[in-house]
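So you can see what is in the structure, the chains are spelled out below.
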Amino acid sequence: MRVTICSNEAAVAKEAYKLVRDRVVNQGAKVLGLPTGSSPIKLYGEMVAGYQRKEIDFSDVHTFNLDEYLGLPVEHEQSYRNFMNTNLFNHVNLKADNIHFLDGMTDDLDSECMAYEGKMEDLGGIKLQILGIGRDGHIGFNEPGTPLYSRTGYVTLAAETIEDNKRFFKSADEVPRWALSMGVGTILDAREILMIATGSNKADAIAGMIEGPITSMNTASALQLHNEVNIIIDEAAASKLTRKEYYKKTGGSANVADMYAYLMAARKKAGLD
Ligand code: F6R
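Since the model is a prediction, treat every value here as computed from it, not as a measurement. (Residues numbered from 1 in each chain as written. Predicted model: local features only at pLDDT ≥ 70, side-chain atom pairs only at ≥ 80, totals over all residues. Heavy atoms only, no water.)

*Asks:* Help me out: how do you make sense of the overall build of the chain in this one?
*Replies:* When helices and strands are tallied, the chain shows nine helices and 10 strands. Taken over the C-alpha trace, the chain has a radius of gyration of 19 Å; the compact-globule value for 273 residues is 19 Å, and the two agree within 12%. In terms of its C-alpha atoms, the chain occupies a principal-axis envelope of roughly 70 × 40 × 30 Å. Counting every position in the chain, which comprises 273 residues, the buried fraction comes to 51%. (Helix = DSSP H or I, 4+ residues; strand = E, 2+ residues; numbered from the N terminus. Rg over C-alpha atoms; globule rule 2.2 N^0.38 Å. Buried < 20%, exposed > 50% of the residue type's maximum accessible area, 1.4 Å probe, protein only.)

*Asks:* What's the story with the sheet that holds strand S8 (residues 178-181) in this structure? I'm lost.
*Replies:* Two orientations exist for strands paired in a sheet by backbone hydrogen bonds: parallel and antiparallel. Spatial strand order, S4-S8-S7: three strands in an open sheet with antiparallel pairing. The outermost strands of the open sheet, each flanked by one partner alone, are strand S4 (67-69) and strand S7 (153-156). On average, each strand axis in the sheet is tilted by 30 degrees relative to the strand beside it, whichever way the strands run. In terms of strand pairing, S4 meets S8 through three bridges, oriented antiparallel. Looking across to S8, one finds that Tyr69 is bridged to Ala179. (Pairing = 2+ DSSP bridges. Axes fitted to C-alpha atoms, helices over the stretch in contact; angles between N-to-C directions.)

*Asks:* What am I meant to see in the site of the ligand here?
*Replies:* With respect to spatial proximity, 14 residues lie near the ligand, and among them Ser39, Asp67, His138, Gly140 and Lys202 are the closest. With respect to the ligand, the side chain of His138 contributes an N or O atom lying 2.6 Å from an oxygen atom. Compared with its free state, where it exposes 410 Å², the ligand has 92% of that area covered by protein. When the residues that make up the shell around the ligand are grouped by side-chain class, the tally is three nonpolar, eight polar and three charged. (Near = heavy atom within 4 Å. Polar contact = N/O pair within 3.5 Å; in protein donor to acceptor, adjacent residues only side chain to side chain. Areas by Shrake-Rupley, 256 points an atom, 1.4 Å probe, with all protein chains shown as cover. Nonpolar A, V, L, I, M, F, W, Y, C, P; charged D, E, K, R; others polar.)

*Asks:* Where do I start with the packing of aromatic side chains in this structure?
*Replies:* For any two aromatic rings, the description comes down to two numbers: the centre-to-centre distance and the angle of the planes. One pass over the full model with this rule turns up eight aromatic pairs. Residues Tyr69 and Phe141 carry aromatic rings whose centres are separated by 5.7 Å and whose planes lie at 40 degrees to one another, so their mutual orientation is tilted. Placement of Tyr69 in strand S4 and of Phe141 in the loop between strand S6 (128-131) and S7 is noted, with a sequence separation of 72 residues between them. Phe141 sits in the buried class, given a relative accessible area of 3%. Centroid distance Tyr80 to Phe141: 5.9 Å. Interplanar angle 15 degrees. Geometry classified as stacked. Taken together, the residues Tyr80 in helix H3 (residues 80-87) and Phe141 in the loop between S6 and S7 connect sequence positions 61 residues apart. In terms of burial, Tyr80 and Phe141 fall into one category: buried. Among the aromatic side chains, those forming a connected cluster through ring pairs are Tyr69, Tyr80, Phe141 and Phe169. It is Arg243 that lies over the ring of Tyr246; its NZ or CZ is 4.4 Å from the centre. (Phe/Tyr/Trp six-rings, centres within 6.5 Å; stacked < 30°, edge-to-face > 60°. Lys NZ or Arg CZ within 6 Å of the ring centre and 35° of its normal.)

Spatial relationships are all this shows, so hold off on functional conclusions.
Shown next as structure tokens:
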């Protein structure tokens, strides 16, 4: 896991955007997995600004959103589809047919979930999956206790998540109790993962994800099994990491440029070059 600790939320968004732009523009990542929620709002702002500056083009990009509430029509103010329209889709040149979303109003949940997985497969899989994290360590709507091999399916929201998400609704009673979500196993199938998190209320979940045991009680900890994970967080979200200074110095993995410089100097000294 590569961990980048930024001074604040704006810096997290800029750093995350740099990575997204690099993967889309330079590495041909044309299938993106996207989250909703507060965490990616500034990143989406950066993506829109980058599109307006002509730095990034979405004309041949496909997107798959992680999840959708059950029982909310697309037009509902709090549907995740509506959130994405407002924060990203309406402002960039994504083709309507390339936007893939779970239908929270479907009358056949199993077929809907299987078809979503099928579409991902047909497009060669997700190349870059962007994630936020819940206070309870959830990714997508995979709440504590979800099997770490789970596939796209329907899930029951945890009390903590209903409490957290009620800020968007008139009251907690209006927050849907169920959702459709990519599974943890589905998320782990992505070629690369980018997790962003800010704020001290995420500090326990982040510490559990990076330094805790792999456990379904913090489904994000399953990312420890993935080989290409970038975690970009602010100081507050990093505050409970015991190895924070190490991550700051090294990014949590070898700095290849520094390593080569050291190696070349050692080779020279040994008369090998
Ligand atoms: C949303 C999603 C969730 C959120 C998480 C954090 O599509 O998949 O896992 O990323 O609940 O939400 P915020 O960013 O609002 O704190």
